[in-house]
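Listed below are the residues making up each chain.
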Amino acid sequence: MAYPQAKRCLYGGTWFKSNLEGKVAESFDNLGIAWQYEPVVCRGPEFDGGQYTPDFYLPRQNVYIEAAGRWDDRHARNTAEFSRQMGCCRAVERDGHGSPMILCVDGRGFVRDVCSGEPDEDIWSIPFLSRCARCGGVSIMTNGSTWRCQCCDAYDGDHHISETYGDNLFDAAGVRRYGGR
């Protein structure tokens, strides 16, 4: 089955390959999360099409984001190989520093861990967004990991989490949800 071609989207002076990517960028901006668009390209025969480029990188948080309205085998294979090559850890294993993490934002804005190549819906590894009471920065956390603010290094034991936004990026940012394809 052939899927319709995604519509390109202009947001903030950047052309994105889809409306979904534009919504993700708008959400990051609304939350004050620094991001880069397609900063890394991995090439090799192990990637479908000979290369893979994650859609976003969050430098303060060392997190790669794949925006995928429809998760398919190509996404699963490419993100699994990228995770292996980059040494990505699962969200639940993350201590706030060190190894990068790769996450998926689906067409409805839900954030999922995909280190294994498949979106993980295990309650302990579902990432969620939280605002630090100390500095106001928004970080991505999980239930099963120790958390430190990626902006000011406040530790969760100091109770610097002022708000949690759940696992939906669009809701947290006040951006209208895009229905996906």
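This text follows the structure it describes.
Presented here is an overview of the structure given in this document. Computed from a prediction, not measured in an experiment: that's the story for all the values here.

**Focus: the pattern of salt bridges**
Under the definition given, this model contains five salt bridges. Notably, a salt bridge pairs Asp48 with Arg77, separated by 2.6 Å at the nearest N-O pair. Taken together, the residues Asp48 in the loop between β4 (42–43) and β5 (51–52) and Arg77 in helix α2 (residues 73–86) connect sequence positions 29 residues apart.

**Overview of empty space enclosed by the protein**
Applying the stated criterion across every chain yields a total of two cavities of 30 Å³ or more. Considering only enclosed or pocket space, the second largest cavity measures out at about 50 Å³ in volume. In this structure, the second largest cavity is lined by Gly32, Ile33, Ala34, Arg60, Gln61, Val138, Gln150 and Cys151. Here the lining of the second largest cavity is built from residues that sort into four nonpolar, three polar and one charged.

**Here we look at the nonpolar core**
In terms of nonpolar packing, the biggest core is built from 26 residues, with Val24, Phe28, Leu31, Phe56, Ile65, Leu129 and Leu169 touching the most fellow members. For this core, the secondary structure elements donating two or more residues are α1 (19–31), β6 (56–58), β7 (63–68), β8 (101–106), β11 (138–141) and α3 (169–173). At five residues, the largest contribution of residues to this core is made by α1. Discounting chain neighbours no more than four positions away, the residues touching Leu31 are Leu129, Arg131, Val138, Leu169, Ala172 and Ala173.

**Concerning the packing of aromatic side chains**
This model, assessed by the stated rule, comprises ten aromatic pairs. Residues Trp35 and Phe56 carry aromatic rings whose centres are separated by 5.6 Å and whose planes lie at 75° to one another, so their mutual orientation is edge-to-face. Note that Trp35 is positioned in the loop between α1 and β3 (36–37) and Phe56 in strand β6, a separation of 21 residues in sequence. By relative accessible area, which is 0% here, Phe56 ends up buried. Seen from their ring centres, Tyr64 and Phe82 are 4.9 Å apart, and the 80° between their planes marks the pair as edge-to-face. Taken together, the positions of Tyr64 in strand β7 and Phe82 in helix α2 put the pair 18 residues apart, joining distant regions of the chain.

**Focus: α1**
For α1, which comprises 13 residues, the first-to-last C-alpha distance of 18 Å matches the rise-based estimate of 18 Å (1.5 Å per residue) to within 8%. Regarding α1, the residues found buried are Leu20, Glu21, Gly22, Lys23, Val24, Ala25, Ser27, Phe28 and Leu31. In the segment just after α1, Gly32 is the residue with positive phi, at about 75°.

Conventions used here
- Residues numbered from 1 in each chain as written.
- Predicted model: local features only at pLDDT ≥ 70, side-chain atom pairs only at ≥ 80, totals over all residues.
- Heavy atoms only, no water.
- Salt bridge = Lys/Arg side-chain N within 4 Å of Asp/Glu carboxyl O.
- Helix = DSSP H or I, 4+ residues; strand = E, 2+ residues; numbered from the N terminus.
- 1 Å grid on protein atoms, 1.4 Å probe; cavity = no way out; pocket = protein on both sides within 12 Å on 5 of 7 lines; lining within 4 Å.
- Points joined across faces, edges and corners; volume = space filled by probe spheres on them.
- Nonpolar A, V, L, I, M, F, W, Y, C, P; charged D, E, K, R; others polar.
- Core = buried A, V, L, I, M, F, W, Y, C linked by side-chain atoms within 4.5 Å.
- Buried < 20%, exposed > 50% of the residue type's maximum accessible area, 1.4 Å probe, protein only.
- Contact = heavy atoms within 4.5 Å.
- Phe/Tyr/Trp six-rings, centres within 6.5 Å; stacked < 30°, edge-to-face > 60°.
- Expected span 1.5 Å × (residues − 1).

The values are spatial; any link to function lies outside them.
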